[in-house]
Amino acid sequence: MLKKINTSFTKMMNIDFPIIAAPMFLVSNTDLVTQASECGGIGTFPALNYRPIEKYAEALKTIKSQTKKPIGVNIIVNKSNTRQNQDLKIGLDEGVELFITSLGSPKTVIAEAHKNGAKVFCDVTNLEHAKKVQDMGADGVIAVGSGAGGHAGPISPLVLIPWLKASMDIPIIAAGGIAHGSMIAACLALGASGVSIGTRFIASKEAQVDEAYKNAILTSTPEDIVMTTRVSGTPASVINTPYVQKLGTDLPWAFKILKEHKLTKKYMVPLIHLMGMNALEEAATKPTWKTVWTAGQSVGLIDDILSVNEIYNKLLTEYDEAVKNLSQLGVE
Ligand SMILES: Cc1cc2nc3c(=O)[nH]c(=O)nc-3n(C[C@H](O)[C@H](O)[C@H](O)COP(=O)(O)O)c2cc1C
């Protein structure tokens, strides 16, 4: 029986372990979410994984029928997401306990979620944004550092967490590159109240992505991860497959000009998003030579496909060992 880990985050969410199974486009499904929450962490998924919107409501009902533990939903709060208000309302109606916002202003989500007693954590990559969402009333931030899968920030987690911690009052969750229990211990030592782990869970039995994608997680090294703006216009980490190499990691010049121009910006940003999402969906779900696979640098630490339950157990055992080893340092 693994000992609980108590932090401000576990107390706030009433969970045993401060480990979020991070929301991942196309990867997080109902089984992954249910299992993560049943393990004592918290499972989360992007609302947009279920399209049309009726399927999202169904997915929430399925998860809620399988676990009584808290779960989380990710809502992308920029203009490209035309569903955000409906996604929020359905989430609140189904009793979602945690909302994770990314890529825009979380103001509405915070106001509405708080009316229902739900918590809101916002993805941030620097202090300015972290302070802004704290002032808006966010319950916590997810500090996304360099090396993360998806939209990674530019700052090393070793610097990002203490930097935010020095000036913030709300809990900080560390994200980016975490795939071993010793890294959870390190993040808590740096001042985080929890961790959010994505890439490790792509190589899980529950993730319903193509086997080739899972195998690429096992065989890739941190050096195979490159940042590209071609997926959404914002830098995102992907595996440097031959297709990504052929495509290049920068938007074509015409796209860049139209994306920055005040008259065309509002059409281009959603268009780039839509094109990127379609490319990702093809690569994640079926064999294709157009392989664009999102993943972070922790691919270098992952060499087995395990169930979500096995992943939690492994992380927690490694965490215990790391804490024990550290506590013995300096003892003669
Ligand atoms: C395949 C994949 C898809 C992701 N999709 C989303 C998403 O839809 N929304 C979001 O806020 N973050 C997304 N992320 C970022 C994760 O929520 C999390 O911040 C990140 O995975 C943490 O870094 P790690 O992958 O190194 O553990 C995604 C990450 C990956 C690997």
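What you see is a predicted model; the values in this text were computed from it and never measured.

### Points about the overall build of the chain
Okay, so step 1: Summing up its helical and strand segments, the chain has 14 helices and ten strands in all.
Okay, so step 2: For 332 residues, the compact-globule formula gives about 20 Å, and the C-alpha radius of gyration of the chain, at 19 Å, lands near that figure.
Okay, so step 3: Its C-alpha atoms give the chain principal-axis dimensions of roughly 65 × 45 × 40 Å.
Okay, so step 4: Scored against the burial criterion, the 332 residues of the chain give a buried share of 53%.
Okay, so step 5: The contacts in the chain between residues at least 6 apart in sequence include a share of 61% that link residues at least 24 apart.
Okay, so step 6: A total of about 15,200 Å² of accessible surface is found on the chain, and carbon and sulfur atoms cover 55% of it.
Okay, so step 7: Each charge class in the chain was averaged separately, 32 positive and 31 negative side chains, and the resulting centres sit 7 Å apart.

### Regarding the packing of helix α3 (residues 53-66) against helix α4 (residues 84-93)
Okay, so step 1: For the pair α3 and α4, the least separation of the axes is 10 Å and the interaxial angle reads 25°. The pairing of α3 with α4 is recorded here as roughly parallel in orientation. Along this stretch, α3 crosses α4, giving a crossing that reads as right-handed. Contact with α3, carried on its side by Ile 53, Tyr 56, Ala 57 and Leu 60, involves Gln 86, Asp 87, Ile 90 and Gly 91 of α4 and no other residues of that element.
Okay, so step 2: Of the residues in the contact of α3 with α4, the class split is five nonpolar, two polar and one charged.

### Regarding helix α6 (residues 127-136)
Okay, so step 1: Within α6, burial applies to Leu 127, Ala 130, Val 133 and Gln 134. Burial along α6 is one-sided: seen end-on, the buried residues are contained in an arc of 130°. Residues of α6 that are exposed and angled more than 90 degrees away from the buried face: Glu 128 and Asp 135.
Okay, so step 2: Against α5 (107-115), β5 (119-124), β6 (140-144) and α7 (157-167) lie the buried residues of α6.
Okay, so step 3: Put simply, Asn 126 is the residue that caps the front of α6, since its side-chain oxygen is 3.4 Å from the backbone nitrogen of Glu 128.
Okay, so step 4: The first or second residue beyond α6 is Gly 137, which carries a positive phi of 105°.

### Here we look at the domain arrangement of the chain
Okay, so step 1: Each assigned domain of the chain is listed with its residue range as follows: domain 1 (8-208 + 302-325) and domain 2 (211-297).
Okay, so step 2: Summarising the inter-unit geometry, the C-alpha centres of domain 1 and domain 2 are found 22 Å apart.
Okay, so step 3: Across the boundary between the two partners, domain 1 contributes 23 residues, which contact 22 residues of domain 2.
Okay, so step 4: With both sides pooled, the region where domain 1 packs onto domain 2 buries about 1,800 Å², and carbon together with sulfur makes up 67% of that total.
Okay, so step 5: Of all residues in domain 1, the largest losses of buried area upon contact with domain 2 belong to Leu 26, His 151 and Ile 202, amounting jointly to 25% of the total for that side.
Okay, so step 6: In this structure, the connection of domain 1 to domain 2 is made through six residue pairs in polar contact (both at pLDDT 80 or more).
Okay, so step 7: Split into classes, the residues belonging to the side of domain 1 that touches domain 2 amount to eleven nonpolar, eight polar and four charged.

### Describing the sheet that holds β5
Okay, so step 1: On the basis of which strands lie adjacent, the closed barrel formed by eight strands has the order β1-β2-β3-β4-β5-β6-β7-β8 and parallel pairing. Pairs of neighbouring strands in the sheet enclose a mean axial angle of 25°, with direction left out of account.
Okay, so step 2: With four bridges joining them, β5 and β6 adopt parallel strand pairing. The residue of β6 that forms the bridge with Phe 121 is Gly 140.

Calculation criteria
All residue numbers refer to positions counted from 1 along the written sequence of the respective chain. The predicted nature of this model means local features are confined to residues of pLDDT at least 70 and side-chain atom pairs, given and counted, to a pLDDT of 80 or more, with totals for whole chains, interfaces and linings taken over all residues. Hydrogen atoms and water are omitted, and side-chain values are computed over all heavy atoms in the structure. Put simply, DSSP H or I for four residues or longer makes a helix, DSSP E for two residues or longer makes a strand, and each gets a number counted from the N terminus. Our radius of gyration is a C-alpha quantity, and the globule rule it is checked against amounts to 2.2 Å times the number of residues to the power 0.38. Burial classes: relative accessible area under 20% of the type maximum marks a residue as buried, over 50% as exposed, and values in between as partly exposed (1.4 Å probe, protein chains only). Working rule for contacts: check all heavy atoms of both residues, and any pair within 4.5 Å makes them a contact. Methods summary: accessible areas were calculated by the Shrake-Rupley approach with a probe of 1.4 Å, and residue burial reflects only the protein chains presented. Only four residue types enter the charge count, namely Lys and Arg as positive and Asp and Glu as negative; His and the chain termini do not. Where a charge lies is defined by one atom per residue type: Lys uses NZ, Arg uses CZ, Asp uses CG and Glu uses CD. Only the contacting stretch of a helix is used when fitting its axis, a line to C-alpha atoms as for every element, and angles between N-to-C directions run 0 to 180 degrees. Orientation labels follow simple angle bins: below 35 degrees gives roughly parallel, above 145 gives roughly antiparallel, 65 to 115 gives roughly perpendicular, and whatever is left gives oblique. Should the near helix be turned anticlockwise from the far one by less than a right angle, the crossing is left-handed, and should it be turned clockwise, the crossing is right-handed. Nonpolar residues are Ala, Val, Leu, Ile, Met, Phe, Trp, Tyr, Cys and Pro. Charged residues are Asp, Glu, Lys and Arg, and all others, Gly as well, are polar. Note that the arc is computed from the directions linking the helix axis to the C-beta atoms. By the criterion applied in these results, polar contacts are pairs of N or O atoms within 3.5 Å in which, for protein atoms, one can donate a hydrogen and the other can accept it, and in which residues neighboring in sequence qualify only through two side-chain atoms. For every domain, the bounds stem from an assignment made automatically or drawn from a database. Defined in terms of a 1.4 Å probe, buried area is the accessible area two parts forfeit on being brought together, summed over both. For two strands to count as paired, DSSP must find a minimum of two bridges between them.

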